[in-house]
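For reference, the chains in residue letters:
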Amino acid sequence: MATFSDPQDPSAALRLLSKQLQGIPKELRQKLRPALRAAAEPVVADARGRASWSTRIPRAISMSVRFSRDPGVIIRVRRSVAPHGRAYEGITGASHFVHPVHGHRDREVAEETKPYLEPAVRAAADTVLAKGVAVVDEVARENGFR
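Conventions adopted
Residues numbered from 1 in each chain as written. Predicted model: local features only at pLDDT ≥ 70, side-chain atom pairs only at ≥ 80, totals over all residues. Heavy atoms only, no water. Pairing = 2+ DSSP bridges. Helix = DSSP H or I, 4+ residues; strand = E, 2+ residues; numbered from the N terminus. Patch = residues over 30% accessible without salt bridge, like charges linked within 9 Å, V, L, I, M, F, W, Y side chains within 5 Å. Areas by Shrake-Rupley, 256 points an atom, 1.4 Å probe, with all protein chains shown as cover. Salt bridge = Lys/Arg side-chain N within 4 Å of Asp/Glu carboxyl O. Lys, Arg positive; Asp, Glu negative; His and termini not counted. Charge placed at Lys NZ, Arg CZ, Asp CG, Glu CD. Phe/Tyr/Trp six-rings, centres within 6.5 Å; stacked < 30°, edge-to-face > 60°. Buried < 20%, exposed > 50% of the residue type's maximum accessible area, 1.4 Å probe, protein only. Lys NZ or Arg CZ within 6 Å of the ring centre and 35° of its normal. Polar contact = N/O pair within 3.5 Å; in protein donor to acceptor, adjacent residues only side chain to side chain. Bend = angle between axes of the 7 residues up to and from the residue. Core = buried A, V, L, I, M, F, W, Y, C linked by side-chain atoms within 4.5 Å. Contact = heavy atoms within 4.5 Å.

Engineer: Can you tell me about the pairing of strand S1 (residues 61-66), naming the residues and giving the values?
Structural biologist: Bridge analysis of S1 against strand S2 (residues 72-77) gives six bridges, and the strand direction is antiparallel. For Met63, the partnering residue across the bridge sits in S2 and is Ile75. Here S1 folds back onto S2 in antiparallel fashion, the turn holding five residues, of which Asp70 has a positive phi close to 50°.

Structure (C-alpha cells):
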C-alpha cells in the first residue's frame, strides 16, 4: 500500500503515511489503533528512560493515535504534570534556559537542556515507520485493499 520515493527522507515517508491514514475507514481504524500504539511503545519507553533523571517527566509522557487532523502517533509531555518538560527538551532550540532559584526572582540560574523525546524518536524512527507501514498494509490486505 505505502511506497516511498526517497527512503533516505523519513519525514517524506511520514507525510505520505499520514496522508494515507486520513482515508482509512472507521472499522479499520479500530484495528489499526492498538497496532500503531504497540509499534510506537518502544519510543515512549526510551523517552521515559532518557528522562529518568526527573521524577515527574517520565510519568507525564503519554501517547495517542489520531486519524483525523494531523493523523499519526502523538507523543507528548503533559504540562500539568511536568511544566519543566518543554524547557528541558529544548523546544525553543536553545541549548540552555534560565529560571529563578527557589522562587527568588532576583536570583537566576542557567541550566542546560537535556533532550529526551527527540533522541528517542530519532533512534527508533526507521523501525517505527517500518512497523507502521507493515501494520497499515496488513490491515488493508485483510480488508480487501491491494
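Engineer: Outline a positive patch on the surface, supporting the account with residue identities and numerical values.
Structural biologist: On the surface, Arg48, Arg56, Arg59 and Arg78 cluster together to form a positively charged patch. Among the structural elements, Arg56 can be located in the loop between helix H2 (26-50) and helix H3 (57-60).

Engineer: I'd like a rundown of the packing of aromatic side chains, residues and numbers included.
Structural biologist: If you walk through the whole model with that rule in mind, you get two aromatic pairs. With a centroid separation of 5.0 Å and an interplanar angle of 85°, the aromatic rings of Tyr88 and Phe97 are classed as edge-to-face. With respect to class, Tyr88 is no different from Phe97; both count as buried. One cation-aromatic arrangement involves Lys114 over Trp53; the distance from NZ or CZ to the ring centre is 4.5 Å.

Engineer: Describe the side chain of His84, naming the residues involved and giving the relevant values.
Structural biologist: Checked against the element boundaries, His84 lands in the loop between S2 and helix H4 (85-89). Take His84: its relative accessible area is 19%, and that puts it in the buried class. A polar contact is formed between the side chain of His84 and the side chain of Arg56, at a distance of 3.4 Å.

Engineer: Quick rundown of helix H5 (residues 117-142)? Include the residues and the values.
Structural biologist: Residues spaced three or four apart along an α-helix point in a common direction, a consequence of the helix completing one turn every 3.6 residues. Of all the bends found along H5, the most pronounced is centred on Ala125 and spans about 60°. Here H5 has its buried residues at Leu117, Ala120, Ala124, Leu129, Gly132, Val133, Val135, Val136, Asp137, Val139 and Ala140. Looking one or two residues past H5, Gly144 carries a phi angle of roughly 85°, positive in sign.

Engineer: I'd love a proper account of the nonpolar core, names of residues and values included.
Structural biologist: Residues Ala47, Ile57, Ile61, Tyr88 and Tyr116 are the most contacted members of the largest nonpolar core, which totals 17 residues. Listing elements by their share of this core, those giving two or more residues are H2, H3, S1 and H5. In terms of residue count, H2 provides more of this core than any other element does, four residues in total. If near-sequence neighbours (up to four positions away) are discounted, Ile61 is found in contact with Val44, Ala47, Arg48, Ile75, Arg76, Val77 and Tyr116. Listed in part, the eight residues of the second largest apolar core include Leu28, Leu36, Val135 and Val139.

Engineer: Explain the pattern of salt bridges to me, using residue names and the numbers behind them.
Structural biologist: Pairing is possible between side chains that carry opposite charge, provided their charged atoms lie close to one another. Scanning the entire structure with this criterion turns up two salt bridges. One salt bridge connects Asp46 with Arg50, and the closest N-O pair in it is separated by 3.1 Å. A residue pair is termed a helical-turn pair when its members lie 3 or 4 positions apart in one helix, as Asp46 and Arg50 do in helix H2 at four residues. Note that Glu118 is salt-bridged to Arg122, the shortest N-O span being 2.9 Å. Here Arg122 and Glu118 lie together in helix H5, a separation of four residues that amounts to about one turn. We classify Glu118 as partly exposed; its relative accessible area is 42%. Relative accessible area serves as the criterion here: at 63%, Arg122 is assigned to the exposed category.

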